[in-house]
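Residue-level structure breakdown
Here is what each chain is made of, one letter per residue.
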Amino acid sequence: MAGIIVKPRSRIFQGHDWVYSSEVRKLFGDPQPGDVVSIKDFRDRFIGSGMYNPASQIVVRRFSRQRQDLDAEFFVRRLRRAMNLRASLAGIDPLFCRVVWSESDGLPGVVIDRYGEVAVLQTLTLAMDQRQSALVAAIQEALPEIRSIVARNDSVMRTAEGLERSVSVLHGPEPKPFPIKWGDLVFTVDALGAQKTGLYLDQFENYALVGSWSGGRRVLDCFCHQGGFAQACAKAGAASVEAVDSSASALAALRDNAERNGLSIEAIEANVFDLLKEREASGWTCDLVILDPPSFTRSRRSLRDALRGYKEIHLRALKLLEPGGMLVTFSCSHHLSAAEFLEMLADAASDAKRTLRRRAIYTQRGDHPILLNIPESEYLRGYAFEIAGGW
């Protein structure tokens, strides 16, 4: 088997599974893009099997510490192991969850979300994209109840692997948008047209947790998508709920969901930055602001610009809140550490002349498992802060 020899002090020796181009001492055996390669240390000792892509900054991604090929039996075995994990998680419906979360399930670059009889597949690495048909066959074998398999390969992450972006139906009939029930709420799944794979499954546990702060409060849900937080707040007895997003289609789904759920939510199509600025200038206030923006950065290189954007929306949101008010905020970029996020928030609070008391910490749902040695597997961070006053 062709392969690579890794330089000393590379991150793979600390338990990570990625090998960057700067960490490769040399190649042997003429590996081709997408090949499975042997990974060896600088003493020529085997340390795993990986997927090779010279067009990516991450040249090799280890998927096994054994000698292993990416064959049909491997995909079925890994998929069933991932399904067993979800079945063991309290509060996770195996019919409505993330079935595979990339490296966290030993399938680097593979994401599979399940919505009943529909599976949505993303192949974000070259080797997995080349083996898409084998993955489809594995899904059919391990999940025979699935009628439709959709490829949502429109993520910008594919660009870093030299892959084109596309959306297609890989198996079965084309799924039309359909409602799905989660607890007391109904959401619309649009596997082909909505953001991500149809819904933001990572936040589903957090909806009710955030909603618990909303009783009797005036709520502003920013970057609301289908309004998961807005609906949870309205259901929990908020005095009023406004939900803001720049996507007309997301707001249309929100209105349909609110009507199905019998909830009163004002949906506002607007740029959140502009709306917060206008509300601040008018002296408008509320009791709970929720910020759940898309990732502002795709790399560490653009982190400084992203932090400016994060600070601006937090500064303006904080100025809408009086003592006793609540700010609930999230970041979904693994490039932004918890320490950096909190430092930015502290700066915004200082500029807004607000003192923040932390009330809760949030993370991604359990079907998006986190690996200790791969910090990139943890990307969603959230906090609830109360505006302290009366000192």
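Below you will find a few notes about this structure. Small disclaimer: the values here were computed from a predicted structure and weren't measured.

The 7 strands are arranged β16-β15-β14-β17-β18-β20-β19 in an open sheet whose pairing can be described as mixed. Of all the strands in the sheet, just β16 (266–269) and β19 (355–363) have a single pairing partner and so form its edges. Ignoring which end each strand starts from, the neighbouring axes of this sheet average 15 degrees apart. One ladder, built from 4 bridges, connects strand β14 (residues 218–222) with strand β17 (residues 286–291); its direction is parallel. Of the residues in β17, the one forming a bridge with D221 is I290. Each of β17, β18 (321–331) and β19 is contacted by helix α4 (residues 204–211), which is oriented at about 145 degrees to β19, the strand it contacts most.

The next point concerns the pattern of salt bridges. Under the definition given, this model contains 24 salt bridges. Salt-bridge contacts for R279 lead to E242; the nearest nitrogen and oxygen are separated by 3.0 Å. Pair noted here: R279 is in helix α7 (residues 272–282) and E242 is in strand β15 (residues 240–245), with a separation of 37 residues, a long-range link. Taken together, the shared-partner salt bridges connect E280, E312, R316 and K319 into one network.

Axis separation between α4 and helix α5 (residues 228–235) bottoms out at 8 Å; the angle between their running directions is 40 degrees. The pairing of α4 with α5 is recorded here as oblique in orientation. Handedness of the crossing formed by α4 with α5: right-handed. Where α4 abuts α5, its residues N206, Y207, A208, V210 and G211 lie against G228, F229, A232 and C233. Across the contact of α4 with α5, the residue classes tally to 6 nonpolar, 3 polar and no charged.

What follows deals with the side chain of R131. Note on placement: R131 falls in the loop between α2 (126–130) and α3 (132–142). Among buried charged residues, R131 stands out as having no salt bridge; its nearest opposite-charge side chain is D69, 5.1 Å away. A distance of 2.9 Å separates a polar atom in the side chain of R131 from the backbone oxygen of A127. Not counting residues within four places of it along the chain, the set of residues in contact with R131 comprises G34, V36, L70 and F75.

The next subject is the packing of helix α1 (residues 72–88) against α3. Packing of α1 against α3 brings their axes to within 9 Å, and their N-to-C directions diverge by 50 degrees. Overall, the two elements α1 and α3 adopt an arrangement that is oblique. The element α1 and its partner α3 pack so that their crossing is right-handed. Residues F75, V76, L79, R80 and M83 of α1 form the contact with α3, whose participating residues are A134, L135, A138, I139, E141 and A142.

A word on the packing of aromatic side chains. Overall, the coordinates contain 18 aromatic pairs when judged by the stated rule. Aromatic pair W18 and Y20: ring centres 6.4 Å apart, planes at 65 degrees, arrangement edge-to-face. Of the two residues, W18 and Y20, neither departs from the other in class, the shared state being buried. Each ring, one from F204 and one from Y207, has its centre 5.1 Å from the other, and the planes form 55 degrees; the classification is tilted. Linking F204 with Y207, this pair stays in helix α4, spanning 3 residues, or about one helical turn. The pair formed by F204 and Y207 is uniform in burial state, with each residue classed as buried. One aromatic cluster in this structure is built from F96, Y115, W182, F187, F204, Y207, F229, F330 and Y362. The aromatic ring of F46 is capped on one face by R67, whose charged end is 4.0 Å from the ring centroid.

Cut-offs applied
Residues numbered from 1 in each chain as written. Predicted model: local features only at pLDDT ≥ 70, side-chain atom pairs only at ≥ 80, totals over all residues. Heavy atoms only, no water. Pairing = 2+ DSSP bridges. Helix = DSSP H or I, 4+ residues; strand = E, 2+ residues; numbered from the N terminus. Axes fitted to C-alpha atoms, helices over the stretch in contact; angles between N-to-C directions. Contact = heavy atoms within 4.5 Å. Salt bridge = Lys/Arg side-chain N within 4 Å of Asp/Glu carboxyl O. Parallel < 35°, antiparallel > 145°, perpendicular 65-115°, else oblique. Left-handed = near helix turned anticlockwise from the far one by under 90°. Nonpolar A, V, L, I, M, F, W, Y, C, P; charged D, E, K, R; others polar. Buried < 20%, exposed > 50% of the residue type's maximum accessible area, 1.4 Å probe, protein only. Lys, Arg positive; Asp, Glu negative; His and termini not counted. Polar contact = N/O pair within 3.5 Å; in protein donor to acceptor, adjacent residues only side chain to side chain. Phe/Tyr/Trp six-rings, centres within 6.5 Å; stacked < 30°, edge-to-face > 60°. Lys NZ or Arg CZ within 6 Å of the ring centre and 35° of its normal.

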